[in-house]
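Residue-level structural notes
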Amino acid sequence: QVVDTSCDMANCTREDAALDALFLFFNGILVFLMQVGFMCLEVGFVETVTVPKVIVKNVGDFLVSNVTFYLVGYALAYGKGNDLLGWSGFALQGVSDCDLGFFFFQSSFAATAITIISGSMAGRTTQLCYLTYSCIMAALIYPATAHWAWSADGWLLKRGFLDFAGSGVVHLCGGTAAFTGAALIGPRVGRLKNGVLIDLMPNSVPFVVTGGLFLVFCFLAFNVGSLLSVAETADSIGQSTLMIGLVAVNTLMSICGGAISATLLKKFFTGFSSSPDVINGALGGAVAICAGANVMEPWSSFATGFIAGTVVHVTSIWVERLGIDDAVDATAVHAGCGMWGLLAAPIFARGIGVIDSPGQASLEVLGWNVIGGMAICAWTGAICAIMFKTLAYFDELRLSVDEETEFLLSKADQAVSKLRAEEVMIEKK
């Protein structure tokens, strides 16, 4: 979704302007609804005692990120500037009315990248920490990655970087921040036993499934909306086509591939599969297809998703063996599958990919996608490490043990724990 921010009012008089604005608004609303999905997913995974905190902090993320992106982030992402950052359009000053629909849609993307972090660190993070990283992500970290890949001035875009809807820009960025935060904050109380992370049963499998399905359906708008217009565009082969159907079908096939792969892997290695594993596999497929949803065939989209399900499984095990407590497997789903998506797009792209057109040109795109992914990881990881270390220095990173375990042994929670155990036993059968 590359944007030319030189739009003026004269351009808004074109015949399809109103339809394009409605297209962005409708899809932006659906992407914003991903916040509901993230909240339900987190509520389902964390302990009962932390549910009120999770709900409040998700709402806070949403509010703070949108205001910050309006004041600073949009200008750094899409304002006129240099290869690294934009420098115009702060608080939308000088931004044409016909660009406001694009701002609305992009603000929903910024909010999505930020909410990824709250899932990995859920259950033990202070309110100030949530608000701080929401501001920094919306004002600096995400806008920089968006500028590099999607602004006409960006250094990655100029070199052929391929990321249609944000496998790298949104998900790898958010996933790297989630990994950094979870690593520095430490495991939840009761998760670490004798130096080994033990499995904690989901608080509510129905909430996990509901949140996951909400996200899966909203991913269709996430990718289709990244076309930015309903006007006919040229696909990678050069044929003129209305690409909404292609992007939607590719997204759906990748989601299905991820869910099937995750289910089969869990069944093979453990003898049973659970709803949370299926949901994370589906989300991994949705994340991976973002980079190439507009340039792949349905069969290669399914393959991308199928491999993404494997990436989720392997990355989840790796993160756990590192002793990192990622409450919702955000690292596996968003960072792992985000990076795989950046590799899959130039490999499977029809007509120009490594498989269809092996040669120097396709390998260069693959190479720049690797470099871009590494740059996003390094940038995000470095800034987040500084931010979280600073918060930890002032004792504002993590809740106290008393706050984290408040009412944990109440009769109500004991009853809920019993129900959670029964849910897991049913799924094993």
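Structure: above.
Residues numbered from 1 in each chain as written. Predicted model: local features only at pLDDT ≥ 70, side-chain atom pairs only at ≥ 80, totals over all residues. Heavy atoms only, no water.

Considerations on the overall build of the protein chain
For the protein chain, the count of helices and strands is 15 helices and 4 strands. Looking at the protein chain as a whole, 55% of its 429 residues are labelled buried. A fraction of 80% describes how many contacts in the protein chain between residues 6 or more apart in sequence connect residues 24 or more apart. Summing over all exposed atoms, the protein chain offers an accessible surface of approximately 17,200 Å²; the carbon and sulfur share of this is 69%. (Helix = DSSP H or I, 4+ residues; strand = E, 2+ residues; numbered from the N terminus. Buried < 20%, exposed > 50% of the residue type's maximum accessible area, 1.4 Å probe, protein only. Contact = heavy atoms within 4.5 Å. Areas by Shrake-Rupley, 256 points an atom, 1.4 Å probe, with all protein chains shown as cover.)

Points about the pattern of salt bridges
Per the stated rule, a full pass over the model turns up 8 salt bridges. In this structure, Asp277 and Lys266 form a salt bridge, with 2.7 Å as the shortest nitrogen-oxygen distance. Taken together, the residues span a long stretch of sequence, with Asp277 in helix H10 (residues 275-289) and Lys266 in helix H9 (residues 244-270) at a distance of 11 residues. Through salt bridges with shared partners, one network takes in Glu47, Arg124, Arg188, Arg191, Glu320 and Asp325. (Salt bridge = Lys/Arg side-chain N within 4 Å of Asp/Glu carboxyl O.)

Some remarks on helix H8 (residues 205-224)
Taking 1.5 Å per residue as the helical rise, H8 with its 20 residues ought to reach 28 Å, and the 29 Å between its terminal C-alpha atoms agrees with that figure. Of all bends in H8, the biggest is about 25 degrees, found at Cys218. When H8 is considered as a whole, its buried residues turn out to be Val205, Val208, Gly211, Gly212, Leu215, Val216, Cys218, Phe219, Ala221, Phe222, Asn223 and Val224. (Expected span 1.5 Å × (residues − 1). Bend = angle between axes of the 7 residues up to and from the residue.)

Points about a nonpolar patch on the surface
Among the surface-exposed residues, Leu19, Leu22, Phe25, Ile29, Leu33, Val36 and Phe214 lie close enough to one another that they form a single nonpolar patch of about 570 Å² accessible area. Per-element tally for the nonpolar patch: the top contributor is helix H1 (residues 17-32), with 4 residues. Looking at the secondary structure, you find Ile29 in helix H1. Taking relative accessible area as the criterion, Ile29 reaches 35% and is therefore assigned partly exposed. (Patch = residues over 30% accessible without salt bridge, like charges linked within 9 Å, V, L, I, M, F, W, Y side chains within 5 Å.)

Some remarks on the packing of aromatic side chains
Going through the model one piece at a time under the given rule, you end up with 25 aromatic pairs. Aromatic side chains Phe69 and Tyr74 sit 6.2 Å apart centroid to centroid with 80 degrees between the ring planes, which places their arrangement in the edge-to-face category. A single burial state applies to Phe69 and to Tyr74, both of which are buried. Here Phe69 and Phe103 contribute two aromatic rings whose centre-to-centre distance is 5.9 Å and whose plane-to-plane angle is 15 degrees, an arrangement assigned as stacked. Taken together, the residues Phe69 in helix H3 (residues 51-78) and Phe103 in helix H4 (residues 100-120) connect sequence positions 34 residues apart. (Phe/Tyr/Trp six-rings, centres within 6.5 Å; stacked < 30°, edge-to-face > 60°.)

Section: the packing of H1 against helix H2 (residues 34-45)
Remark: H1 packs on H2, axes separated minimally by 4 Å, with the N-to-C direction vectors making an angle of 10 degrees. Of the possible angle classes, the one that applies to H1 and H2 is roughly parallel. Every residue of H2 that contacts H1 at Leu30, Val31 and Phe32 is listed here: Met34, Gln35 and Val36. The residue inventory of the contact of H1 with H2, partitioned by class, reads 5 nonpolar, 1 polar and no charged. (Axes fitted to C-alpha atoms, helices over the stretch in contact; angles between N-to-C directions. Parallel < 35°, antiparallel > 145°, perpendicular 65-115°, else oblique. Nonpolar A, V, L, I, M, F, W, Y, C, P; charged D, E, K, R; others polar.)

Digging into helix H7 (residues 167-185)
Helix length check: H7, at 19 residues, gives a terminal C-alpha distance of 25 Å against a target of 27 Å (1.5 Å per residue), a fit within 8%. Judged by how many residues are buried, H7 sits mostly within the fold: 16 of 19 residues are covered. Gly186 sits one or two positions beyond H7 and adopts a positive phi of about 90 degrees.

A closer look at the environment of Phe102
For Phe102, the location among the structural elements is in helix H4. Overall, the relative accessible area of 5% leaves Phe102 in the buried class. Between the C-alpha atom of Phe102 and that of Leu228, which follows or precedes it by 126 residues, the distance is 7.6 Å.

What to know about the side chain of His313
Position of His313 relative to the elements: it lies in helix H11 (residues 298-321). Residue classification places His313 among the buried positions, given a relative accessible area of 17%. Non-local contacts of His313, meaning those with residues more than four positions away in its chain, are made with Leu265, Lys266 and Phe269.

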